[in-house]
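Examining the three-dimensional arrangement
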Amino acid sequence: MTEPAAGGPAPVRILVCDDHVVVRAGLLALLDSAPGIEVVGEAGTGEEALALAARLAPDVVLMDLQLGAGIDGVETTRRLTTGAPTTGTPTAGTGRAPHVLVLTTYDTDADITRAIEAGATGYLLKAERPEELFAAIHAAARGRTALSGPVAGRVMANLRKPRPALTDRERDILAQLATGLGNREIARALFISEATVKTHLRRIYDKLGVDTRAGAVAVAKEQRLLP
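These remarks concern the structure in this document. Note on numbering: residues in each chain are counted from 1, in written sequence order. Thresholds applied to this predicted model are a pLDDT of at least 70 for local features of residues and 80 or more for the giving and counting of side-chain atom pairs; totals over whole chains, interfaces and linings are not thresholded and use all residues. Derived side-chain values reflect all non-hydrogen atoms in the structure, with water molecules and hydrogen atoms excluded from consideration.

**So, the nonpolar core**
Nonpolar cores were defined as sets of buried Ala, Val, Leu, Ile, Met, Phe, Trp, Tyr and Cys residues, with membership established by side-chain atoms within 4.5 Å. Exposure classes here rest on a 1.4 Å probe applied to the protein chains alone. A residue is buried below 20% of its type maximum, exposed above 50%, and partly exposed in between. Ranked by size, the top nonpolar core spans 20 residues in total, and within it Ile 14, Leu 31, Leu 62, Leu 101, Leu 133 and Ile 137 carry the most contacts. Helical segments are the DSSP runs of H or I of at least four residues, strand segments are the runs of E of at least two, and each set is numbered from the N terminus. Where this core is concerned, the elements lending two or more residues are strand E1 (12-17), helix H1 (21-32), strand E3 (60-63), strand E4 (99-104) and helix H5 (130-141). Considering each element in turn, this core owes the most residues, six residues, to H5. Not counting residues within four places of it along the chain, the set of residues in contact with Leu 31 comprises Ile 14, Val 16, Ile 37, Val 39, Leu 62, Leu 133, Phe 134 and Ile 137. Counting residues in hydrophobic clusters, the runner-up holds 18 residues, among them Leu 166, Leu 174, Ile 186 and Val 197. Here, two residues are considered to be in contact whenever any of their heavy atoms come within 4.5 Å of each other.

In structure tokens:
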């Protein structure tokens, strides 16, 4: 790591969270050569990241999404950015929560949406050049959004894409579907026949471009069609 000049800005304090030891080691070696960046800790699980963040008070947490057993990167991000109860206080006396910069191989709409809604400041893909990663870390430390080019493109495309026009009844059924109810239970809850539920489900699938119940719920969450 390049030391800051006398009187210059303090380095950005980084906590790296990735469940792959080899990937984590590579990131640590890479960041050690980055100007104005100081790695203060590393974690292999979401729970470990929460505990270390509480103790070390990093400026930025570099977060993978898939963390194996335990809570995933999205839930860890939510707890870090909202100060949800953990083994300690995420702000560690600094008066603020760390910024979270997602660094992952996953670029699906669902992953991007979940991470941003959880409070992530930025979303980068692991294929990015080192210089882009360094710049994103500094941007995140200042609270500025940093997105990989492909991710930014997907976000903009989704913003421009019109939402499916669901009827009120279709929205009611979709909301019941999201709670895990089957067709018979939905019919009872809404005082309609099971055949009517099936008809509405076919229309919902067509409008959302899916063919499964899980797919319908996932798209509805991505496009914020659920209450």
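Picking up where we left off.
**Considering the pattern of salt bridges**
Any two side chains of opposite charge can pair, so long as their charged atoms come close to each other. By definition here, a salt bridge exists when the distance from a side-chain nitrogen of Lys or Arg to a carboxyl oxygen of Asp or Glu is within 4 Å. The final tally for this structure, using the stated rule, is 10 salt bridges. Among the ionic pairs, Asp 18 bridges to Lys 126, the shortest N-O distance being 2.8 Å. Residue Asp 18 is located in the loop between E1 and H1, and its partner Lys 126 is located in the loop between strand E5 (122-125) and H5; the two are separated by 108 residues in the primary sequence. Members of the salt-bridge network, linked through shared partners, are Asp 18, Asp 64 and Lys 126.

**A closer look at the sheet that holds strand E6 (residues 146-147)**
Strand order in this open sheet of six strands is E2-E1-E3-E4-E5-E6, and the pairing throughout is parallel. The sheet terminates laterally at strand E2 (37-43) and E6, the two strands that pair on one side only. Strand pairing is defined by DSSP finding a minimum of two bridges between the two strands. Summarising the sheet, E1 and E2 pair through six bridges and their orientation is parallel. Residue pairing in the sheet places Val 16 in a bridge with Glu 42 of E2. Relative to the sheet, H1 contacts E1, E2, E3 and E4, its axis offset from that of E2 by approximately 165°. Axes, fitted as lines to C-alpha atoms, cover a helix only where it is in contact. Angles between the N-to-C directions of the axes lie from 0 to 180 degrees.

**Side note on the pairing of E4**
Most of E4 sits out of view: five of its six residues are buried. With four bridges joining them, E3 and E4 adopt parallel strand pairing. For Leu 62, the partnering residue across the bridge sits in E4 and is Leu 101. As defined by bridge partners, E4 adjoins E5 across four bridges and the pair is classed as parallel.

**Remarks on the packing of helix H7 (residues 168-178) against helix H9 (residues 194-208)**
One way to put it is that H7 packs onto H9 with a least axis distance of 10 Å and a crossing angle of 90°. It follows that H7 is roughly perpendicular to H9 by the angle criterion. On the side of H7, the interface is formed by Arg 169, Glu 170, Ile 173, Leu 174 and Leu 177, while H9 contributes Val 197, His 200, Leu 201, Arg 203, Ile 204, Lys 207 and Leu 208. Here the residues of the contact of H7 with H9 are counted per class, giving seven nonpolar, one polar and four charged. Note on angle classes: values under 35 degrees are labelled roughly parallel, values over 145 roughly antiparallel, values of 65 to 115 roughly perpendicular, and the remainder oblique. Under the scheme applied, nonpolar residues are Ala, Val, Leu, Ile, Met, Phe, Trp, Tyr, Cys and Pro; charged residues are Asp, Glu, Lys and Arg; polar residues are all the others, including Gly.

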